[in-house]
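Now for the letters of each chain:
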Amino acid sequence: MKISITFRHVDPTEALKQYVEEKVGRVQKFLSGPAQAAVVLSTERHLQDCDLTISGAGRTFKSSESSDDMYASVDRAVDRIEKQVRKAKRVP
């Protein structure tokens, strides 16, 4: 899976980048064929935002989450995407 990460008003730490790549990479096992992921991490006042878009298997899945912790935002966004992908696989 090709993953592009954009940081807006957030320090691009290597630990955060690796965490996002690991979490988003898990979604690949639910998709058939190649996929692309676009992750935008941003900060607005006290909220940490994670916008995630995954394109693959002829479909596009989107999720956006906000919380006080960037890692929690990433976790929630990936969980929502996983639910969307699983639901799409069940529907013919």
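Above this note sits the structure.
Residues numbered from 1 in each chain as written. Predicted model: local features only at pLDDT ≥ 70, side-chain atom pairs only at ≥ 80, totals over all residues. Heavy atoms only, no water.

Observations concerning unusual backbone geometry
Of all residues except glycine, most have a negative phi; of all peptide bonds, most are trans.
Turning to step 1, where the next piece is worked out: For His-9, which is not a glycine, the phi torsion comes out positive at approximately 60 degrees.
Turning to step 2, where the next piece is worked out: As for its position among the elements, His-9 is in the loop between β1 (2-8) and α1 (14-25).
Turning to step 3, where the next piece is worked out: Backbone geometry places Arg-45, a non-glycine residue, at a positive phi of 55 degrees.
Turning to step 4, where the next piece is worked out: One can find Arg-45 in the loop between β2 (35-44) and β3 (47-56). (Helix = DSSP H or I, 4+ residues; strand = E, 2+ residues; numbered from the N terminus.)

Re the side chain of Ser-63
Turning to step 1, where the next piece is worked out: Structurally, Ser-63 can be placed in strand β4 (residues 59-67).
Turning to step 2, where the next piece is worked out: Side-chain polar atoms of Ser-63 contact the backbone oxygen of Ala-77, separated by 3.3 Å.
Turning to step 3, where the next piece is worked out: Excluding anything up to four places from it in sequence, Ser-63 contacts Cys-50, Asp-51, Leu-52, Ala-77, Arg-80 and Ile-81. (Polar contact = N/O pair within 3.5 Å; in protein donor to acceptor, adjacent residues only side chain to side chain. Contact = heavy atoms within 4.5 Å.)

Some remarks on the pattern of salt bridges
Turning to step 1, where the next piece is worked out: By the definition in use, this model includes three salt bridges.
Turning to step 2, where the next piece is worked out: The partner of Lys-23 in a salt bridge is Asp-75, with the nearest N and O atoms 3.5 Å apart. Highlighted residues: Lys-23 in helix α1 and Asp-75 in helix α2 (residues 70-90), separated in sequence by 52 residues.
Turning to step 3, where the next piece is worked out: Among the residues examined, Asp-75 registers a relative accessible area of 24% and is labelled partly exposed.
Turning to step 4, where the next piece is worked out: Glu-65 is the partner of Arg-80 in a salt bridge, and the nearest nitrogen-oxygen pair spans 3.0 Å. Here Arg-80 is found in helix α2, whereas its partner Glu-65 is found in strand β4, with 15 residues between them in sequence. (Salt bridge = Lys/Arg side-chain N within 4 Å of Asp/Glu carboxyl O. Buried < 20%, exposed > 50% of the residue type's maximum accessible area, 1.4 Å probe, protein only.)

As for the side chain of Glu-65
Turning to step 1, where the next piece is worked out: Taking relative accessible area as the criterion, Glu-65 reaches 14% and is therefore assigned buried.
Turning to step 2, where the next piece is worked out: Side-chain polar atoms of Glu-65 contact the side chain of Arg-80, separated by 3.0 Å.
Turning to step 3, where the next piece is worked out: Not counting the four nearest positions on each side in its chain, Glu-65 is found in contact with Gln-48, Asp-49, Cys-50, Ser-73, Arg-76, Ala-77 and Arg-80.

Topic: the sheet that holds β1
Turning to step 1, where the next piece is worked out: Spatially, four strands are ordered β1-β2-β3-β4 in an open sheet, and the strand pairing comes out mixed. Bordering the open sheet on either side are β1 and β4, each of which pairs with just one other strand. Direction aside, neighbouring strands of the sheet carry axes that sit 10 degrees apart on average.
Turning to step 2, where the next piece is worked out: Across 10 bridges, the pairing between β2 and β3 is antiparallel. Across the sheet, Glu-44 pairs through a bridge with Leu-47, a residue of β3. (Pairing = 2+ DSSP bridges. Axes fitted to C-alpha atoms, helices over the stretch in contact; angles between N-to-C directions.)

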